[in-house]
Amino acid sequence: MEILDKLKILADSAKYDASCSSSGSNRKNTNVGIGNGHVSGICHSWGADGRCISLLKILFTNACMYDCKYCINRSSNSVPRATFTPREVADLTIHFYKRNYIEGLFLSSAVIKSPDYTMERLVETASILRNEYHFNGYIHCKTIPRL
Ligand code: SF4
């Protein structure tokens, strides 16, 4: 699966993760103004100084091993599934950052294989960003508890 197809699925899945998500609609330019609205998984948060910052808001995976009845990602639900690799998330974050689309990453996830396996992938993602790409921007990273 192409990375942009994954992004479409996993940005859409992330909109159910409660936050201040603010880019949930497509809106074409009408030729009387500037800009387009796009469902790209970008949400906003606020820094300690009160400044509004844009975040790439995605799930690492929506292929959950659990079946919580209230959840869109439950294993019994018939929805398209996708899983990023840590490198893919790190690369998306860096490329979006360099294009000035975002200032940080909001990374949540369903649970794939096991809580530990999932947590290790999230930590690996953050490690690539911090230690390899030297990304000093904001990272919100979900912790996956054992059930
Ligand atoms: S573990 Fe989380 S992502 Fe998975 S089904 Fe339950 S609530 Fe949804």
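See the structure above.
Attention in this report is confined to the structure presented alongside it. (Residues numbered from 1 in each chain as written. Predicted model: local features only at pLDDT ≥ 70, side-chain atom pairs only at ≥ 80, totals over all residues.)

Counting its secondary structure elements, the protein contains three helices and four strands. Secondary structure elements of the protein, listed N to C terminal, follow the sequence α-β-β-α-β-α-β. Across the 147 residues of the protein, 31% fall into the buried class. Here the analysis covers contacts within the protein between residues at least 6 apart in sequence; of these, 63% occur between residues at least 24 apart. (Helix = DSSP H or I, 4+ residues; strand = E, 2+ residues; numbered from the N terminus. Buried ≥ 20, exposed ≤ 12 C-beta atoms within 10 Å, placed from the backbone. Contact = placed C-beta atoms within 7 Å.)

Before going further, it helps to examine the site of the ligand. Around the ligand sit Cys64, Tyr66, Cys68, Cys71, Asn73, Arg74, Ala110 and Val111, and those are all the residues in its vicinity. Residue classes in the shell around the ligand are distributed as six nonpolar, one polar and one charged. (Near = placed C-beta within 6 Å. Nonpolar A, V, L, I, M, F, W, Y, C, P; charged D, E, K, R; others polar.)

This part is about unusual backbone geometry. Among all residues except glycine, the phi angle is most often negative; among peptide bonds, the trans geometry is most common. For asparagine 100, which is not a glycine, the phi torsion comes out positive at approximately 70°. Topologically, asparagine 100 is positioned in the loop between helix 2 (86–98) and strand 3 (104–108). Owing to 8 C-beta atoms within 10 Å, asparagine 100 belongs among the exposed residues under this scheme. One non-glycine residue with positive phi stands out, namely lysine 113, at about 70°.

Counting through the fold element by element, phenylalanine 60 comes out in the loop between strand 2 (52–59) and helix 2. The class of phenylalanine 60 is buried, set by 27 C-beta atoms lying within 10 Å. Each C-alpha atom, one on phenylalanine 60 and one on alanine 14, is 9.1 Å from the other, the two residues being 46 residues apart in sequence. If we ignore the near neighbours within four places in the chain, the residues touching phenylalanine 60 are Phe84, Val89, Leu107, Ser109, Arg121 and Leu122.

Ranked by size, the top nonpolar core spans 29 residues in total, and within it Leu10, Leu55, Leu56, Ile58 and Leu107 carry the most contacts. Here this core gets five residues from one element, more than from any other, and that element is helix 1 (residues 3–14). Excluding anything up to four places from it in sequence, leucine 107 contacts Ile58, Phe60, Val89, Leu122, Thr125, Ile139, His140, Cys141 and Lys142. (Core = buried A, V, L, I, M, F, W, Y, C linked by C-beta atoms within 7 Å.)

Packing of helix 2 against helix 3 (residues 115–132) leaves a shortest axis separation of 8 Å and a crossing angle of 40°. Considering their axes alone, helix 2 and helix 3 lie oblique with respect to each other. Two packed elements cross with a definite hand, and for helix 2 against helix 3 that hand is right-handed. Contacts between helix 2 and helix 3 involve Pro86, Arg87, Val89, Ala90 and Thr93 from the former and Arg121, Glu124, Thr125, Ile128 and Leu129 from the latter. (Axes fitted to C-alpha atoms, helices over the stretch in contact; angles between N-to-C directions. Parallel < 35°, antiparallel > 145°, perpendicular 65-115°, else oblique. Left-handed = near helix turned anticlockwise from the far one by under 90°.)

If you trace the four strands from one edge of the open sheet to the other, you get 1-2-3-4, paired in mixed fashion. Looking at the sheet topology across the chains shown, the edges are occupied by strand 1 (42–46) and strand 4 (138–141). Averaged over all adjacent pairs, the angle separating strand axes in this sheet is 30°, with direction ignored. Most of the contacts of helix 3 go to strand 4, to which it runs at about 175°, and overall it touches strand 3 and strand 4. (Pairing = 2+ DSSP bridges.)

Sheet analysis places strand 1 next to strand 2, joined by five bridges and oriented antiparallel. Residue pairing for strand 2: isoleucine 42 is matched across the bridge by leucine 56. In sequence, strand 1 turns back onto strand 2 through a hairpin of five residues, with glycine 50 there showing a positive phi of about 85°.

Looking at where serine 54 falls in the secondary structure, it is placed in strand 2. For the pair serine 54 and tyrosine 97, spaced 43 residues apart in sequence, the C-alpha to C-alpha distance is 9.8 Å. With sequence-adjacent residues up to four places away left out, serine 54 is seen in contact with Ile42, His44, Tyr101, Ile102 and Glu103.

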